[in-house]
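Here is what each chain is made of, one letter per residue.
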4 protein chains.
Amino acid sequence: MTILDTATSANATATGWPHGRVGVWLVGARGSVATAVAVGLHALATELAPPTGCTTAGLDFDDVPLPAFGDLVLGGHDISTTPLVHRAQALADSGMIPQRYVTASLAGLEQADAEIRPGYDPSTHAGTQAEAVLRLAGDIVAFRDANGLDRVVVIDVSSTEPIPDDRPEFHDATLLTRALADSTEAVLPSSAVAALAAIESGSAYACFTPSAGLALPALRALAVHRGIPFAGQDGKTGETLIRTALAPMFGARGMHVQSWAGANLLGGGDGATLADPEAVRSKLASKTRGLRSLVGEHVVAPLHIDNVPDLGDIKTAWDHIHAEGFLGSRITMQTIWSAYDSMLAAPLVLDIARLLALADAAGARGVVPELGFFFKDPWGSDVHDFGQQTTELREWAQQVGARLSSEARSAGTAR
Amino acid sequence: MTILDTATSANATATGWPHGRVGVWLVGARGSVATAVAVGLHALATELAPPTGCTTAGLDFDDVPLPAFGDLVLGGHDISTTPLVHRAQALADSGMIPQRYVTASLAGLEQADAEIRPGYDPSTHAGTQAEAVLRLAGDIVAFRDANGLDRVVVIDVSSTEPIPDDRPEFHDATLLTRALADSTEAVLPSSAVAALAAIESGSAYACFTPSAGLALPALRALAVHRGIPFAGQDGKTGETLIRTALAPMFGARGMHVQSWAGANLLGGGDGATLADPEAVRSKLASKTRGLRSLVGEHVVAPLHIDNVPDLGDIKTAWDHIHAEGFLGSRITMQTIWSAYDSMLAAPLVLDIARLLALADAAGARGVVPELGFFFKDPWGSDVHDFGQQTTELREWAQQVGARLSSEARSAGTAR
Amino acid sequence: MTILDTATSANATATGWPHGRVGVWLVGARGSVATAVAVGLHALATELAPPTGCTTAGLDFDDVPLPAFGDLVLGGHDISTTPLVHRAQALADSGMIPQRYVTASLAGLEQADAEIRPGYDPSTHAGTQAEAVLRLAGDIVAFRDANGLDRVVVIDVSSTEPIPDDRPEFHDATLLTRALADSTEAVLPSSAVAALAAIESGSAYACFTPSAGLALPALRALAVHRGIPFAGQDGKTGETLIRTALAPMFGARGMHVQSWAGANLLGGGDGATLADPEAVRSKLASKTRGLRSLVGEHVVAPLHIDNVPDLGDIKTAWDHIHAEGFLGSRITMQTIWSAYDSMLAAPLVLDIARLLALADAAGARGVVPELGFFFKDPWGSDVHDFGQQTTELREWAQQVGARLSSEARSAGTAR
Amino acid sequence: MTILDTATSANATATGWPHGRVGVWLVGARGSVATAVAVGLHALATELAPPTGCTTAGLDFDDVPLPAFGDLVLGGHDISTTPLVHRAQALADSGMIPQRYVTASLAGLEQADAEIRPGYDPSTHAGTQAEAVLRLAGDIVAFRDANGLDRVVVIDVSSTEPIPDDRPEFHDATLLTRALADSTEAVLPSSAVAALAAIESGSAYACFTPSAGLALPALRALAVHRGIPFAGQDGKTGETLIRTALAPMFGARGMHVQSWAGANLLGGGDGATLADPEAVRSKLASKTRGLRSLVGEHVVAPLHIDNVPDLGDIKTAWDHIHAEGFLGSRITMQTIWSAYDSMLAAPLVLDIARLLALADAAGARGVVPELGFFFKDPWGSDVHDFGQQTTELREWAQQVGARLSSEARSAGTAR
């Protein structure tokens, strides 16, 4: 049985998970990705739609104890107040989400909407950032308690931020803690405030964007100290996914990749965000890092992201690869990828939630390197080769799952 | 150290191989692929060119005892009498092989040409096919003896044949042997006559084309009985290579591939051969088989190969992939691959020769499944996933190599 | 003011047309194209949508007296009984037609549906084909009378037929008339029966498909004799449109096009029809004819149409062009076109209807060569160059329009 | 007979041109384009190669009296001292120019090389720019006299310059003349110094690059005053050529082009030049100007040029076009163009030289708008539509040619 066999397994909606309900707390809970997650989770939990696009619904995960889609409860933070139902209808009108799933999930969307709390907004927040963190963490804890959840996974799917200028507090947890408490200055970017709230609430955490989030060393240290499981960073959805699947092929055949140029066109909110050269800098860097790791530092890799509003949420990426083969022979390959970016991201958010819940239930602490499978920047691992990542994820899930199941059986026997 | 690190290792031209010189006997020794092999082997053996495009020159094979390029001696059969030097110059004029390598290898090409014997030509052969096999096998043995070779690897790089109509002799070695001896009828297609000669001469064998070759069950039985190592079939050079690298990606991410259409344009001799619908039938079948194995039998996979003479030896392949993602969301991917097909094949021929020599030296008998890495039809394996094939090849080579090295050391100590 | 300026002109919905209401009688009135025409005509007539995609809505046609969209009345023949409303909703569900236009046009669709009569079905028709023609012509005349229409334009948008085997009746109107009356044999293919009905009813006619239709010499003679204006044939919607826009560029720059290969992928009903090699033969021929005319008979032009059901109504076409430039230098160009084929056809159907109405009102008889602009096979013209066709259409429309307007003014004065 | 018929006409090498030999003075005479011109001109004049890629070799120009290729004599300025023969061999080694044409033209290249004088180099020039202009103009006059030429056409094919900061002297010929004479400051960019030398020498002039050249108003005034014929600017070779051939198609069909994004990859010297954001600014502007003129100012048209050294002189351009069709239906088209950029430019340089010679012989003064056919920025015309430009060029050449021929006959009769 291989990971390729993606027929819906019983697992997808099973209730064989004895570890309680799991909260999925989304930072940016009213954005495109979150809306797709909300509509989709309802459709999957009610078996209205098959779990296509979900890695964890593959037969390879059949033996792995994972929360069923019906075990997942949505909540989150957002600074937008546009109801999920409105967002979902707009995305249906644009052609991104099929109308029938939106229509079917209206009640579910309203329920999820009721669990969304105001996000941290630096332009209106009055007190210290420490206070903001406390408030956000409190929201998460209240969500957990009110819904009787055994654990919460926080996933940041908000808009990409500019990279902040470096400062000493980013590298020293003590300095940072003091700075947050002592002043009303915005020491941390919003994504890091949200990450800190996740830590404080004792939730598992992953950042699906290239924003600072948990990437600041001081926050990372706090996360390790607090003992939450986490993974990162920046969801590997389209162009980078292809690159990390294809690049090893050239290497395995002894071809020398000389250049790998990329052009990305997209509209939607993400297109506008990424039109900001500062915001995009972090994205471009993480897109190229894996490529260099796979084909060598010498590769010439110009990369552009253009905001083309008329294209809406469909992202089109053209890549042009030039490799040298036998006796210097020219090999060119081009790839053109076209898809709704948010629809690529949404099932991965569900996968990450399920797998971090597994890790948490199994007592994992700190970074989970095998979840690098989902990210452009695979934390805790220097493996970018997608095939290798696939193998490592599968083996990890099966081992952890087997251990957890065995413990559950022992506990059952002991009783 | 990974297989991706393809910097020329010392191995590429090393003389650490203690198992003598290796003959590389090409069926179709004056074709485009063979000519590229001949020019390239000279350039590699003299370190005029780095071994780009050769899998076995990667650092992962650094510890594997393999014949150096200088240990390989070329010979072969062909029904063409056009000297290799003329073919090489024509390919330089067309832009396929850089002129400087042709100029540098003139003496080497003449030497290789002197080792080419007339191929089996059913339109002129007068006696039984058994006599033809004997003559061809004799040529190979004479080549081995005259050049003091420890072993010979026979690789068929001749034009693709039509699939022959089935007959009882193809399935029964006794029947076949009798039929070949008793009549002057052409029972076997030419590729199978050549394969039988390889068996009779005790040489390792691989067929780089989709022709019948050793694929007939009776021949395969004879090869196993004779104890030669062999592998197959039909070199995975371009479009299929990409497909088997990409298809697992869709599966691992739970996407359902609905259709995978392909259009291939090429000129040159191969273009003309493949314009024959009969000849191409076998090619198309083997191209699609791996795809179906990877993404499911349901996939709609129209595939065309067109002869476009003005394109010469450059092959251009366009693939259009449609996959369903989250909530049925449409994902399309297109790939365009453009390269000199013979320049993709040539380094693989050298790789197969070196690895079959390794297998032979290590006493391997019958099919070597791990060499499926090189083929559209991986004999002895149902693995088509290129990443998995890469891992299996590397592990096999390192294990066999380690055993062989250890035996060599023991033998050295014993002496 | 040029034809490029496609801002909606007043003309698009003007009532400046003093020649009465125009019937648009569609053969295949419940197919995808006809459904898009019906929904779109309603949206345009009510100014719910701008007339994007309509040539005749361009400012170049601002001075040309044309029936407003509100002057057009739909009717037609079809052997299907699925109501237009159902077809329209299915096409909205597939994403082809925006839901809001379908929702808005429900009443209009029902009204159009009420004007659809059973088409000629050779498998159920009992009498002679002459009787069938009479019945169909009667339907058209009844439609005209019942709706108080000044004229009717018949446009065939039904599925592509196989090319019928040639027979003497196709070349001799007398023979044909006798054969149709004397026997119950199906002498004519269905498209020709429909064309004959158009002739008999005295309606203008165009065939949007490559089916036989009016292309049979005997029918063409009857049409000329009867004095109807007509144009043809086979709508130039996508790949061929691009080809006839691009090919002149190569010629004007002295580049020699060596090959122009094409691959077409589509699903939907059209995909299934064109998967029939017989049906597709006529399509492939007309696609290549214009190309040869533009770049020379020597061009190597393999062309495939594949039925890929999962792609639905979206057609994707890949073209690969190889041209020789200065000193034989290689130039390659590739084009990839992706669009809903029926949505490309629908506005052209409206354009043809308006322009044939203009021709009819102006007393044109026989073929109107300038309408070749809309067709792969431009009847009455050997011009395939799309730029030249654009100029000729514009000049014709302006001349005919000016004459008609001047006559209208004279008539007004005379009164 | 149409412009599409590019079979070599007798004209291509005819000696029917009674107006003497024509000098072609290239600014940047040792660059890639100039080298291709030199090798190609030799091959064409000696009928070693057909004039593929030359517009003026088409049958439409058969009746137009044009200097034969053998009537053209090469010379020029360059700051490089690398002999043409070396440049040509390097370009042959890179695969750009076929070796046989280089081999055949060695003597011709040496002869052309002997006519190359040192270009104006601001970093070494000591005196005023007026002195530089005088020296350069003197070189051109001396070339004309020494070779007994009836006229000289100066064409700038040197590297693209950054756009200079504006200054009052650019807009006032008197101010400019004074500034050039009075100071040793570099008032003008090099391309303008070269243009001024062309004016002073009374030569026809065209700038094949987007550099300032004759585009400065003061220079343009001087050119008009001096009465030289000229045309411009910035050769329309690849991506822009396609765009101006395709864009009118969308307009003629009433489709609304929403976005037209472009990515260009190239290496070679041009790639490095264009990697300079300042140099590229002028290029990007002129590439987009024509597009906006054709499809409307609203179009979203991000455009990138990346330097990818490993691609050498082959330029690859990807364009992605999104247009709205019927009822807002999405239409996407992509084009991929791949060619040696200098091999596209070289035949156009010969065409421009021949046609400016015709204009000059016919007494044309000032801008020749019909030569806008060759340029991204068509001076004296706002026509960008390539089809329309083709018609206008052909008609102009035939009219001017007919007049010139008629005058020649009158003169002959008068004699």
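Residues numbered from 1 in each chain as written. Chains lettered and ligands numbered in written order. Predicted model: local features only at pLDDT ≥ 70, side-chain atom pairs only at ≥ 80, totals over all residues.

In the nomenclature of an unreviewed UniProt entry, chain A corresponds to Myo-inositol-1-phosphate synthase from the organism Agromyces ramosus. The UniProt entry for chain A carries the following text under Sequence similarities (unreviewed entry): "Belongs to the myo-inositol 1-phosphate synthase family." (UniProt positions renumbered as here; feature names shortened; annotations may be inferred.)

Participant: So what's going on with the interface of chain D and chain C? Which residues, and what values?
Facilitator: Across the contact, 53 residues belong to chain D and 52 residues belong to chain C. Those elements giving two or more residues to the side of chain D that touches chain C turn out to be α1 (32-45), α9 (239-252), β10 (330-340), α12 (341-361) and α13 (386-414) of chain D. At 10 residues, the largest contribution of residues to the side of chain D that touches chain C is made by β10(D). In terms of residue class, the side of chain D that touches chain C is built from 32 nonpolar, 19 polar and two charged. Two elements, strand β10 (residues 330-340) of chain C and β10(D), share eight bridges in a ladder whose sense is antiparallel. If you follow I336(C) over to β10(D), its bridge partner there is Q334(D). (Contact = placed C-beta atoms within 7 Å. Helix = DSSP H or I, 4+ residues; strand = E, 2+ residues; numbered from the N terminus. Nonpolar A, V, L, I, M, F, W, Y, C, P; charged D, E, K, R; others polar. Pairing = 2+ DSSP bridges.)

Participant: Account for the packing of helix α1 (residues 32-45) of chain B against helix α2 (residues 84-93) of chain B, naming residues and giving values.
Facilitator: All names here are of chain B. Close contact between α1 and α2 brings their axes to 10 Å; oriented N to C, the two are set at 95°. Looking at the two axes, α1 sits roughly perpendicular to α2. In this structure, α1 contributes S32, T35, A38 and V39 to the contact, and α2 contributes L84, R87, A88 and L91. The residue makeup of the contact of α1 with α2, split by class, is five nonpolar, two polar and one charged. (Axes fitted to C-alpha atoms, helices over the stretch in contact; angles between N-to-C directions. Parallel < 35°, antiparallel > 145°, perpendicular 65-115°, else oblique.)

Participant: Explain unusual backbone geometry residue by residue, including any values.
Facilitator: Across the junction of G232(A) and Q233(A), the peptide omega takes the value -10°, indicating a cis bond. A positive phi angle is found at D234(B), which is not glycine, with a value near 80°. Taking the C-beta count within 10 Å as the criterion, D234(B) has 25 such neighbours and is therefore assigned buried. For L327(B), which is not a glycine, the phi torsion comes out positive at approximately 55°. One can find L327(B) in the loop between β9 (314-324) and β10 (330-340). (Buried ≥ 20, exposed ≤ 12 C-beta atoms within 10 Å, placed from the backbone.)

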